[in-house]
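Residues per chain are reported as follows:
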Amino acid sequence: MARIFTRKVTILISTLLTVLIGLSIYILFIFREKTPPDQGYGLGQGKPNQLGIKEEKHINSLNEQVLARDTKAYIRDVPLPLDPKTDQGLRDFRAKAKDLLDSYPKSFFVSIPTDEKIVALTFDDGPGKGSTEKILEILNENKVPASFFYIGKQIESYKQIVMTTIKGEHMLANHSWSHQRPTSLDIEGFKHELYACQQALAPYGEIGKIYRPPYGLVTAQQMDLLEQAGYRAVAWSVDSMDWYFDEADKIIECVCQSVHPGAIILMHSSGGPNGRQATVKALPEIIARLKEAGYSFVTIKGLFDYN
C-alpha cells in the first residue's frame, strides 16, 4: 500500500509540474503576442531602439552604425494640433521620408545617431533682407553655429548677407536654384536646380555637397543621381513649424518638445507672409532653453564629422 501511495503521489506531482510548465509557456506566448510593437516612426516619439538592442555610446562597425540610424532616425510628430489637411500631408511626408531613409541609408539623413546632446539648427529659403540678418545677429550674439540652406537665384542679390553668414562661421548649403518641388521635376530639371545653386555658392569658399530638397523629398531617380554625384541629402527630424504657425510660443514648443540628441531642426530665415518675424522672436528662447537642457550646437558638417 505504501509503495502504491508513493507512486500515485509521484505521478500527481509530475503531472502538476507538467501542467504548470505548459501554462507558463502559454502565458509568455500570449503576452508576447499582445504586446504592441513600437511605432517608432510618425506616430509619436516611440522607443529609441525598437529592436531591444543596447546601443553603445561609440559605434565601431558600419553595420552597427546603420542599425542605430534605422532605430533612432525618424521625423518627430508635431506636438500641437493641426488642421486635418496639414496633418495628413505631414503623415504622408513622414512615410515617404522613411522610405528614403530605408533605401538610401548612407546618403539621406534626418538626424545623426548619438547619445550626446548635440543638435543642428538649420535655416531654409534665404538669403533675404531683414529676417536673415536678424537671425544671424541672434546666432552670433549667442555664439551658436548654424547651417543655412540658401536658394541659388537669391544669392546674387544678397552677397553681403552671404558674406556675413561665412564670417559668423556658419555653414552654407544647397537649397536648389529656385525652390521648385523636386518630385514635380524631370531629371534634367532637377539637375539644373541642383548644379546651378552649387555654382552660385562656389565663389564663397569650399562648399560641401550637402543638399536639402525643397519640401524635403526627392524621387528615387533623383536620389540615385545625388548619391552617384557624392551629395548627401539632408531633411530634418524636428520641424519648428515656423512655416505654419505665426506665434513664437508655438514655434518654441514645437522645437523644445521634440528635440533629441543628434536632431536636425528645420527653421526658415526668409519668406513667409510676415517675413519670419515669429521665427526671429522665437529663436533666442529656443537657444536659451536648449542650452539650459544641456544641448550644444553644431553645423550639419559638424554633425557628420562627429558621427
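Scroll up to find the structure.
To start, this report covers the structure provided alongside it. (Residues numbered from 1 in each chain as written. Predicted model: local features only at pLDDT ≥ 70, side-chain atom pairs only at ≥ 80, totals over all residues. Heavy atoms only, no water.)

1. A short note on the overall build of the protein chain
Here is the rule we go by: Counting from the N terminus, the helices are the DSSP runs of H or I reaching at least four residues and the strands are the DSSP runs of E reaching at least two. In this scheme, a residue with accessible area under 20% of its type's maximum is buried, one over 50% is exposed, and one in between is partly exposed, where area comes from a 1.4 Å probe on protein chains only. The contact criterion used is simple: two residues touch if any of their non-hydrogen atoms lie within 4.5 Å. To measure how exposed things are, a 1.4 Å probe is used in the Shrake-Rupley method; for residues, cover is taken only from the protein chains shown.
When you go through the protein chain residue by residue, the secondary structure sums to eleven helices and nine strands. Counting over 307 residues, the protein chain shows a buried share of 45%. Within the protein chain, counting contacts between residues at least 6 apart in sequence, those at least 24 apart form 76% of the total. For the protein chain, the exposed surface amounts to about 16500 Å²; the carbon and sulfur share of it is 55%.

2. Examining the nonpolar core
Under the convention used in this document: As used here, the term nonpolar core means buried Ala, Val, Leu, Ile, Met, Phe, Trp, Tyr and Cys residues forming a set that is joined through side-chain atoms within 4.5 Å.
L121, F123, L139, I265, L283 and L290 are the most contacted members of the largest nonpolar core, which totals 45 residues. For this core, the secondary structure elements donating two or more residues are β2 (118-126), α4 (131-141), β3 (147-150), α6 (159-167), α7 (187-201), α9 (248-256), β8 (263-268) and α10 (277-292). At seven residues, α10 tops the list of elements feeding residues into this core. In this structure, F123 is in contact with I135, L139, A146, S147, F148, F149, M267, H268, S269 and L283, ignoring residues within four places of it in sequence. With 37 residues, the next largest nonpolar core counts F109, F149, V218 and L266 among its residues.

3. Notes on the pattern of salt bridges
Working definition: two side chains of opposite charge can pair if their charged atoms are close together. The condition that has to hold: By convention in these notes, a salt bridge is any Lys or Arg side-chain nitrogen within 4 Å of a carboxyl oxygen on Asp or Glu.
For the structure shown, the criterion picks out ten salt bridges. Among the salt bridges present, the one from K250 reaches E247, with a minimum N-O distance of 3.9 Å. According to the relative accessible area criterion, K250 is partly exposed, its value standing at 31%. Among the residues examined, E247 registers a relative accessible area of 35% and is labelled partly exposed. Across the pair D305 and K301 runs a salt bridge, and its minimum N-O distance is 2.9 Å. On the criterion of helical spacing, the pair formed by D305 and K301 is a turn pair, its members being four residues apart in helix α11 (residues 300-306).

4. A word on α10
The criterion, for reference: Expected helix span is computed as 1.5 Å times (number of residues minus one). Consider a residue and the seven residues that end there alongside the seven that start there; fitting an axis to each set, the bend is the angle between those axes.
With 16 residues, α10 should cover 22 Å at 1.5 Å per step; its first-to-last C-alpha distance of 24 Å lies within 8% of that length. The largest bend in α10 comes to about 30°, at L283, with the proline P284 one to four residues further on. When we look at burial in α10, the residues that qualify are A278, T279, V280, A282, L283, I286, I287 and L290. Packing partners of the buried residues in α10 comprise β2, α4, α9, β8 and β9 (296-297). G294, located one to two residues past α10, shows a positive phi value of around 95°.

5. With respect to the pairing of strand β4 (residues 171-174)
Where we set the bar: A pair of strands is labelled paired if DSSP reports no fewer than 2 bridges between them.
Burial along β4 is two-sided: M171 and A173 and L172 and N174, pointing in opposite directions, are all buried. In terms of strand pairing, β3 meets β4 through four bridges, oriented parallel. Paired with S147 across the strands is M171, a residue of β4.

6. As for the packing of α4 against α6
The line we're drawing: Every angle, taken between N-to-C directions, lies between 0 and 180 degrees, and every axis is a line fitted to C-alpha atoms, over only the stretch in contact when it is a helix. Angles below 35 degrees are treated as roughly parallel, those above 145 as roughly antiparallel, those between 65 and 115 as roughly perpendicular, and all remaining angles as oblique. Note on convention: near helix rotated counterclockwise from far helix by under a right angle means a left-handed crossing. Clockwise means right-handed. Each residue gets one of three labels, nonpolar for Ala, Val, Leu, Ile, Met, Phe, Trp, Tyr, Cys and Pro, charged for Asp, Glu, Lys and Arg, and polar for the others, Gly among them.
Running from N to C, α4 and α6 point in directions that differ by 15°, and their axes come no closer than 11 Å. The pairing of α4 with α6 is recorded here as roughly parallel in orientation. Pair α4 / α6 crosses with left-handed handedness. Taking contact as the criterion, the partners of T132, E133 and L136 in α4 are, on α6, I161, T164 and T165. Tallied by class, residues from the contact of α4 with α6 come to two nonpolar, three polar and one charged.

7. Some words on the packing of aromatic side chains
The cut-off we apply is this: The aromatic pairing rule takes the rings of Phe, Tyr and Trp, using the six-membered ring of Trp, and pairs them if the centres are within 6.5 Å, calling planes under 30 degrees apart stacked, those over 60 edge-to-face and the rest tilted. When the NZ atom of lysine or the CZ atom of arginine is within 6 Å of a ring's centre and also within 35 degrees of its normal, the charge is said to sit over that ring.
Per the stated rule, a full pass over the model turns up seven aromatic pairs. The rings of F123, F148 and Y150 are connected pair by pair, giving a single aromatic cluster. Above the face of the Y74 ring, R76 is positioned so that its terminal group lies 3.9 Å from the ring centre. Sitting over the ring of F304, R232 keeps its end group 4.0 Å from the ring centre.

By themselves, these observations are geometric and do not establish any function.
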